[in-house]
Amino acid sequence: MAAKEADWAWLPELLLDSIINKLIYPVDYVRFGSVCKHWLWVATAQNTYKACCSKVPMLMIPARDGSTKSRSLYSVTQGKNTGVELPVPYNRRCCGSSHGWLAFAMDDLAITLYNPFSGKQINLPPLVKNFKPEDEDEYEPEYYVRKVALSADPLRNPDGYEAVAIYGGMNDLAFLKAGHKAWTPVPVGKVVKSDFRASDVIYFEGRMCVVNRYNWVMPGRIVSVDTTSRRIGTVARWRVKSQQEEEATMAQAGAYLVESSCGELLMVNRLLSTEAPSTSNEAPSTGKLKVYKIQIRDGRREEVKNLGDDSIFLGDNQSMSVLASEVVVGCQPNSIYYSDDYCEFAYPDGPHDMAIFDLRDGSFRSHYVPNPLHKKIPPPLWILSR
């Protein structure tokens, strides 16, 4: 009589727990949770799994076999493709990565939230009613939405999370509370009586904070939004310094907001290199990143020369900060890991502007080099497994 084949999906929980306790690298936890739904359920109940998987962002890149039906996870701490394939199509840009969820803008500007680790999906209403792609010659629907961020994990807070989106040619802002049928526009420019094009948004200390895009050459401003009272207030405001500064000649690619590991609000300005691209099809590359600490109490902005043990991850994702010392190996402290973001897709050579910026000496080094054959594809982006 043939031996009965073992049902690996339903191994006893105690045995699975013992396996989890022997794992070392964060990516091993991701592999474990991707075996099947039962293993993921057992893993997410483990504090060790939650701690490891929520600390190190990984880069979603094209699948090894070139398939457009999935994406691979690339570990920048190990410098290699992990072999973990996520069921996320590569034929549509992700306009957000937040709390382990990916955001996609559909053709009617409805937003789909998808968690590739749990397989859960949430369908949000269209950002703009009666949107017609043919009316927007400059943008495809998936690029009309610049970024979507979440206030919390919808799995853990199904009735208490919010989504916020930056969209349109003027980088407008709108939010949606869980269960609501329509997005609420946030008229920042009208309230502050100044041109305000949103560049990045996060939830900080329970409130939405937004920074304007071209604050390097125009007066800068960070505002907070109370989504209950609809009140908009200025958190920080500053004027451009002397144009004699070295960086004054550098164009600004964007600005980002991130919460440091010790709970401070940081702003990062990403400036483009003054060197000409090597080809006419290639976009300019990042030439410098400037970090500032925002003093919430008095609105002051102070340049940060040293991030200490923090590592910052920027791109189309919700900006993140991790403690390098809490990562098993390979995470560079006092550094900014960045990926190419949405603007660069207009160039036929595809996304290329990805590196690690060391604040200590201002140097750059690669963390992932895209395959030159992968042209006209959405840029890779960071994701945290939750």
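Rules and cut-offs
- Residues numbered from 1 in each chain as written.
- Predicted model: local features only at pLDDT ≥ 70, side-chain atom pairs only at ≥ 80, totals over all residues.
- Heavy atoms only, no water.
- Pairing = 2+ DSSP bridges.
- Helix = DSSP H or I, 4+ residues; strand = E, 2+ residues; numbered from the N terminus.
- Axes fitted to C-alpha atoms, helices over the stretch in contact; angles between N-to-C directions.
- Phe/Tyr/Trp six-rings, centres within 6.5 Å; stacked < 30°, edge-to-face > 60°.
- Buried < 20%, exposed > 50% of the residue type's maximum accessible area, 1.4 Å probe, protein only.

Asker: Looking at this model, I keep getting lost on the sheet that holds strand 8 (residues 145-150). Mind explaining?
Answerer: Pairing is antiparallel in the open sheet, where four strands are placed in the order 8-9-10-11. Each edge of the open sheet is held by one strand with a lone partner, namely strand 8 and strand 11 (184-185). As judged from the five bridges shared by strand 8 and strand 9 (residues 162-167), these two strands associate in the antiparallel manner. When the bridges of strand 9 are listed, Lys147 appears paired with Ile166.

Asker: Would you take a moment to explain the sheet that holds strand 6 (residues 110-114) for this structure?
Answerer: In a beta sheet, neighbouring strands are held together by backbone hydrogen bonds and run either parallel or antiparallel to one another. Here we have four strands laid out as an open sheet, ordered 4-5-6-7, and antiparallel in their pairing. In the strand order of this sheet, the two ends are held by strand 4 (96-98) and strand 7 (121-126), each with one partner. Looking at each pair of strands side by side, their axes are set apart by 20 degrees on average, direction ignored. Summarising the sheet, strand 5 (residues 101-105) and strand 6 pair through four bridges and their orientation is antiparallel.

Asker: Looking at this structure, I do not really get the packing of aromatic side chains. What am I missing?
Answerer: Each aromatic ring pair is described using two quantities: the centre-to-centre distance and the angle formed by the ring planes. Inspection of every chain in the model, using the stated rule, returns seven aromatic pairs. For the pair Tyr144 and Tyr167, a centre-to-centre distance of 6.4 Å together with 45 degrees between the ring planes defines the contact as tilted. Here the residue Tyr144 occupies a position in helix 5 (residues 141-144), and Tyr167 occupies one in strand 9, the gap between them amounting to 23 residues. We classify Tyr144 as buried; its relative accessible area is 11%.

Asker: Could you clarify how one ought to interpret the pairing of strand 17 (residues 265-272) in this entry?
Answerer: Put simply, side chains in a regular strand alternate between the two faces of the sheet. Most of strand 17 is tucked away: eight of the eight residues are buried. Taking every second residue as pointing to the same face, both faces of strand 17 are buried, with Leu265, Met267, Asn269 and Leu271 on one and Leu266, Val268, Arg270 and Leu272 on the other. Examined bridge by bridge, strand 16 (residues 252-259) and strand 17 share seven bridges and lie antiparallel to one another. Bridged to Ala255 within strand 17 is Asn269. Counted between consecutive antiparallel strands, the loop separating strand 16 from strand 17 contains five residues, among which Gly263 sits at a positive phi close to 85 degrees.

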